[in-house]
Amino acid sequence: MTATVRPRGPEGARLGRLLLGAAAIVLVVLLAKGALERAPDGPAAGAPAPDFALPLLGGPRDATVSSSDLAGRTAVINVWASWCPPCREEAPALRRAHERADPELVAFLGVVHRDVESDARDFVERFGLRYPHAVDDGSFDRAYGVRGVPMTFVVDPSGRLAAAHFGPISESRLAVLIEEARAGAGAAP
C-alpha cells in the first residue's frame, strides 16, 4: 500500500492559519483568566495595610504622602496610569465619589503607576481629580500586590485593608466598599 502525499494548497494553508489563530486566542484567554483569578501578593482583606511614603505628583521635591496621612479615616487608594484606557473610564466616577465624600471621614489618594509625570499631571487636570496623587517608585506595587491598573484599595479607619478591586471601579461599587469599611465590615476583594 502506498500513501499519496498531496500539497496542502490554499484551503489547507488557510485552515492551518485559522487553527493557529484559534490556538493563540485560547492561550491568551487562559493566561488572562489565570492572571485575573490569581490573588494579588499583597495583604488579604482584614490584614493591616502596609505603610508607605511616596513623593507627591507635581509637588516640591521633598513633598511626600504617607499612610499615616490617611490614618483614622477610610482611605480610597486608586492605582492608575494616564496610558490606561480603563483608568480614563473610571476617573469620572472617582471624581464624583471624592466630591461627595466627607473629607473628615474619607481620604482619597491616587497612586501613579509606571507613567511619565507630565502625562500623569495632564491626566489629573483633564479629569478634575482634586485629591492628592503620589508617584510609585515600585514599593507600593510590591507591598500592596498591584497586578495591573486600575486597581483600587479601600483601607478602614483602623488601618486594615477592607477591599482590593482590580479593574475599573464603578461609583456604586466604590460607595458600597467605603460604607462597608466605615462600618468595620470590610469586603472581600
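Just so you know, the residues in each chain are numbered from 1, in the order the chain's sequence is written. A pLDDT threshold of at least 70 governs which residues receive local features in this predicted model, and a stricter bar of 80 or more applies before side-chain atom pairs are shown or counted, although totals over entire chains, interfaces and linings include all residues. Hydrogens and water molecules were not included; the side-chain quantities draw on all heavy atoms of the structure.

Some points on helix α4 (residues 117-127)
Categorising residues by exposure relies on relative accessible area from a 1.4 Å probe, with only protein chains included: less than 20% of the type maximum marks a residue as buried, more than 50% marks it as exposed, and the intermediate range marks it as partly exposed. Put simply, DSSP marks the helices as runs of H or I at least four residues long and the strands as runs of E at least two long, and each gets a number from the N terminus on. Considered for burial, the residues of α4 that qualify are Ala120, Phe123, Val124 and Phe127. Viewed along the axis of α4, the buried residues span an arc of 95°, placing them on a single side of the element. Exposed and oriented more than 90 degrees from the buried face of α4 are Glu125 and Arg126. Lining the buried residues of α4 we find β3 (74-80), α3 (85-100), β4 (106-112) and β5 (133-135). Of the residues trailing α4, Gly128 is marked for its positive phi of about 65°. As used here, the arc is the angular range of directions from the helix axis to the C-beta atoms. Any two residues whose heavy atoms approach within 4.5 Å at even a single point are treated as in contact.

Comments concerning the pattern of salt bridges
A side-chain nitrogen of Lys or Arg and a carboxyl oxygen of Asp or Glu constitute a salt bridge if their distance falls within 4 Å. Within the structure shown, the criterion is met by six salt bridges. We note a salt bridge from Arg100 to Glu171, for which the minimum N-O separation is 2.3 Å. With Arg100 in helix α3 and Glu171 in helix α6 (residues 171-182), this residue pair connects regions lying 71 residues apart in the sequence. Residue classification places Arg100 among the exposed residues on the basis of a relative accessible area of 54%. The salt bridge involving Arg121 is made with Glu117; its shortest N-O contact spans 3.9 Å. Within this pair, Arg121 and its partner Glu117 are both found in helix α4, separated by four residues, close to a single helical turn. Classification of Arg121 by relative accessible area gives partly exposed; the value is 38%. The class of Glu117 is partly exposed, set by a relative accessible area of 40%.

Section: the side chain of Glu90
Among the structural elements, Glu90 can be located in helix α3. Here Glu90 sits buried without a salt bridge, and the closest side chain of opposite charge, Arg96, lies 11 Å off (N-O distance). Residues contacting Glu90, with those up to four places away along its chain left out, are Asn78, Pro150, Thr152, Gly167, Pro168 and Ile169. In this count, Lys and Arg are taken as positive residues and Asp and Glu as negative ones, while His and the chain termini are left out.

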